[in-house]
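So you can see what is in the structure, the chains are spelled out below.
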Amino acid sequence: MKIATWNVNSIRARLPRVLEWLEAARPDVALLQEIKTVDEGFPRLEIEELGYNVAVAGQKTYNGVAILSRFPIEDVTAALPGDAGDGQARYLEAVTGSDGLLIRVASIYLPNGNPVDSEKFPYKLRWMERLCDHVRGLLNFEEAFVLGGDYNVAPDDQDIYDPERFADDALCRPETRERFRTLMFLGLTDAYRAFHPGEIGYTYWDYQGGAWQKDFGLRIDHLLLSPQAADLLTASEIDREPRKKEKPSDHTPIWCELKKRGS
DNA sequence: ATGCCGGGCGAAGCCCGA
C-alpha cells in the first residue's frame, strides 16, 4: 500500500497537477493539506473518476485537509481533540485499506507558528501538545497508523538549506523541536529518515527568489508511523516531479510503501 | 529592513504562507 502526503496549496488552483500526479504516482492513499476550500468546493467528481474515495475537512480561504483512498474510508474524525473552540480545519483521521491491510491514517496541517512573537506561535505549540496527547491514545490500540502531512517542523538543521537564517523561525525554534521530539519519542518512525539517514531531502521550496532552482529547501512534510506500521515499511521517497511543473505547489509529495507480512 | 511569489477574495489591494 502506497501512502502519500502533499500540501497542494489550493486544490482548485492545483487540480490539473493533482490529477496528473494521481495518475503517474498512483498512491493508494493520498493525504492532502491546504485545500483552501469548503467541502462543497472540493473537486470530488474529478478525483472519484480516477478511482478514489474522498473524505474532506474543508474551510473557506485557509487550511483544509483531505484523504483520498482507493479503499473504503471509514471511522472518519474531522478534528484534533483537546480544544473544542479550535475552528481551523487542520486534522482529518480515518481508517482505510482492505481486509489484508487496514491502516488508520491522518492528514495533518500543523500550524506554521510565525511570527514567533504573535499568538500564532503558542497556538502552534499547543496544537503540537494536543497531537502528542492524541497519539498517546492511538498508540494504546497497538494498531498500524500513518500520520502524514505538513508538520511545519524542520526536525534537524540538516533539514534546512540555511540553518542560521532559520534559527529563530517557528519551523525550527527549540520549543518546536522539543515538542516534535516528544512526539517522535512516543515511538513513531519518520518514514523518509528510516531509509535516508543523514541525507538531504527537502519537501518545500519557497516560490520566491528562485529557491527551487537553487535548491533552497526545507524538509517539513513527514510521514510518521506507529510501530505496527513501521514493521510493514518497505520504502519511502520524496517525489520531486510535481515541483518541476508549471504552476506547482510550493511543496512536493512524499510517500511510503507498506507491505503486508508474507506478501 | 523589506520584498521577492502565488493563492484567496473579489474586483484593488490586502492577508497569508514558510
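Please refer to the structure placed before this passage.
## Observations regarding the overall build of chain A
Here comes step 1: In terms of helices and strands, chain A carries 7 helices and 14 strands.
Here comes step 2: For chain A, the C-alpha radius of gyration of 17 Å lies close to 18 Å, the compact-globule estimate for 263 residues.
Here comes step 3: Of the accessible surface of chain A, which amounts to about 11600 Å², a share of 48% is contributed by carbon and sulfur atoms.
Here comes step 4: If you average the places of the 32 positive and of the 43 negative side-chain charges in chain A, the two averages end up 3 Å apart.

## Things to note about the pairing of strand E6 (residues 91-98)
Every regular strand shows the same layout, with side chains that alternate between the two sheet faces.
Here comes step 1: With respect to burial, E6 is a largely interior element, 7 of its 8 residues being buried.
Here comes step 2: In terms of strand pairing, strand E5 (residues 73-77) meets E6 through 3 bridges, oriented antiparallel. Opposite Thr-77, over in E6, you have Glu-93 as the bridge partner.
Here comes step 3: In terms of strand pairing, E6 meets strand E7 (residues 101-109) through 8 bridges, oriented antiparallel. Residue pairing for E7: Ser-98 is matched across the bridge by Leu-101.
Here comes step 4: Once E6 ends, the chain turns through 2 residues before running back antiparallel as E7.

## Looking at the side chain of Lys-124
Here comes step 1: Tracing the sequence through the fold places Lys-124 in helix H3 (residues 120-140).
Here comes step 2: No salt bridge is formed by the buried Lys-124; the nearest opposite charge belongs to Asp-169, separated by 6.2 Å.
Here comes step 3: At 2.9 Å, the side chain of Lys-124 and the backbone oxygen of Asn-112 are in polar contact.
Here comes step 4: One polar contact links the side chain of Lys-124 to the main-chain carbonyl oxygen of Asn-152, over a distance of 2.6 Å.

## Side note on the protein's contact with DNA strand B
Here comes step 1: Close to DNA strand B lie 22 residues, the nearest being Ser-10, Asn-112, Gln-208, Leu-218 and Lys-247.
Here comes step 2: Of all atoms in DNA strand B that approach within 4 Å of the protein, 71% are sugar or phosphate atoms.
Here comes step 3: The contact in question runs from a phosphate oxygen of DNA strand B to an N or O atom on the side chain of Tyr-109, over 3.1 Å.
Here comes step 4: Here the residues of the surface near DNA strand B sort into 8 nonpolar, 7 polar and 7 charged.

## Focus on the packing of H3 against helix H4 (residues 174-184)
Here comes step 1: At their nearest, the axes of H3 and H4 sit 10 Å apart, and the two run at 5 degrees to each other. It follows from the interaxial angle that H3 and H4 lie roughly parallel. On H4, the residues that touch Phe-121, Lys-124, Leu-125, Met-128, Glu-129, Leu-131, Cys-132, Val-135 and Arg-136 of H3 are Glu-175, Thr-176, Arg-179, Phe-180, Thr-182 and Leu-183.
Here comes step 2: Classifying every residue of the contact of H3 with H4 by side-chain character gives 8 nonpolar, 2 polar and 5 charged.

## Notes on the sheet that holds strand E13 (residues 233-238)
Here comes step 1: If you walk across this open sheet you meet the 6 strands as E3-E4-E2-E1-E14-E13, and the pairing is mixed. Every interior strand has two partners, whereas the edge strands, strand E3 (53-57) and E13, have only one. The average undirected angle you get between the axes of adjacent strands in this sheet is 15 degrees.
Here comes step 2: Both strand E1 (residues 2-7) and strand E2 (residues 29-33) contribute to a ladder of 5 bridges, which runs parallel. Among the inter-strand pairings, Asn-7 is bridged to a residue of E2, identified as Gln-33.
Here comes step 3: Its contacts with the sheet place helix H1 (residues 15-25) against E1, E2 and strand E4 (65-69), and it is angled at close to 160 degrees to E1.

## A look at the sheet that holds strand E12 (residues 221-225)
Here comes step 1: If you trace the 6 strands from one edge of the open sheet to the other, you get E5-E6-E7-E8-E12-E9, paired in mixed fashion. Edge positions in the sheet fall to E5 and strand E9 (189-190), since each has one partner strand and no second.
Here comes step 2: Note that strand E8 (residues 145-150) and E12 share 5 bridges and pair antiparallel. By the bridge assignment for E12, Val-146 is matched with Leu-225.
Here comes step 3: Set on the sheet, H4 makes contact with E9 and E12; between it and E12 the angle comes to about 30 degrees.

## Here's the deal with the packing of aromatic side chains
Here comes step 1: Scanning all chains against the criterion turns up 6 aromatic pairs.
Here comes step 2: Their ring planes at 90 degrees and their centres at 4.7 Å tell us that Trp-205 and Trp-212 sit as a pair that is edge-to-face. Here Trp-205 matches Trp-212 in class, with each residue buried.
Here comes step 3: Ring pairing ties together the aromatic residues Tyr-161, Phe-166 and Phe-216, which thus form one cluster.
Here comes step 4: Over the ring of Trp-255 we find Lys-2; its NZ or CZ atom is 4.6 Å from the centre of that ring.

## Thoughts on the pattern of salt bridges
Here comes step 1: Tallied over the entire structure, the rule returns 17 salt bridges.
Here comes step 2: Put simply, Asp-86 and Arg-130 hold a salt bridge, and the shortest N to O gap is 2.8 Å. With Asp-86 in the loop between E5 and E6 and Arg-130 in helix H3, the pair connects residues that are 44 residues apart, well separated along the chain. Judged on exposure class, the residue Asp-86 and its partner Arg-130 are both buried.
Here comes step 3: Put simply, Arg-193 and Asp-159 hold a salt bridge, and the shortest N to O gap is 3.0 Å. Of this pair, Arg-193 sits in helix H5 (residues 191-195) while Asp-159 sits in the loop between E8 and H4, and the two are 34 residues apart along the sequence.
Here comes step 4: On the basis of relative accessibility, which here comes to 2%, the residue Asp-159 falls in the buried class.
Here comes step 5: Within the structure, one salt-bridge network assembled from shared partners comprises Asp-75, Glu-93, Arg-104 and Glu-143.

Here is what the cut-offs are and how they apply
- Residues numbered from 1 in each chain as written.
- Chains lettered and ligands numbered in written order.
- Predicted model: local features only at pLDDT ≥ 70, side-chain atom pairs only at ≥ 80, totals over all residues.
- Heavy atoms only, no water.
- Helix = DSSP H or I, 4+ residues; strand = E, 2+ residues; numbered from the N terminus.
- Rg over C-alpha atoms; globule rule 2.2 N^0.38 Å.
- Areas by Shrake-Rupley, 256 points an atom, 1.4 Å probe, with all protein chains shown as cover.
- Lys, Arg positive; Asp, Glu negative; His and termini not counted.
- Charge placed at Lys NZ, Arg CZ, Asp CG, Glu CD.
- Buried < 20%, exposed > 50% of the residue type's maximum accessible area, 1.4 Å probe, protein only.
- Pairing = 2+ DSSP bridges.
- Salt bridge = Lys/Arg side-chain N within 4 Å of Asp/Glu carboxyl O.
- Polar contact = N/O pair within 3.5 Å; in protein donor to acceptor, adjacent residues only side chain to side chain.
- Near = heavy atom within 4 Å.
- Nonpolar A, V, L, I, M, F, W, Y, C, P; charged D, E, K, R; others polar.
- Axes fitted to C-alpha atoms, helices over the stretch in contact; angles between N-to-C directions.
- Parallel < 35°, antiparallel > 145°, perpendicular 65-115°, else oblique.
- Contact = heavy atoms within 4.5 Å.
- Phe/Tyr/Trp six-rings, centres within 6.5 Å; stacked < 30°, edge-to-face > 60°.
- Lys NZ or Arg CZ within 6 Å of the ring centre and 35° of its normal.

Everything listed is a geometric property; what it means functionally is a separate question.
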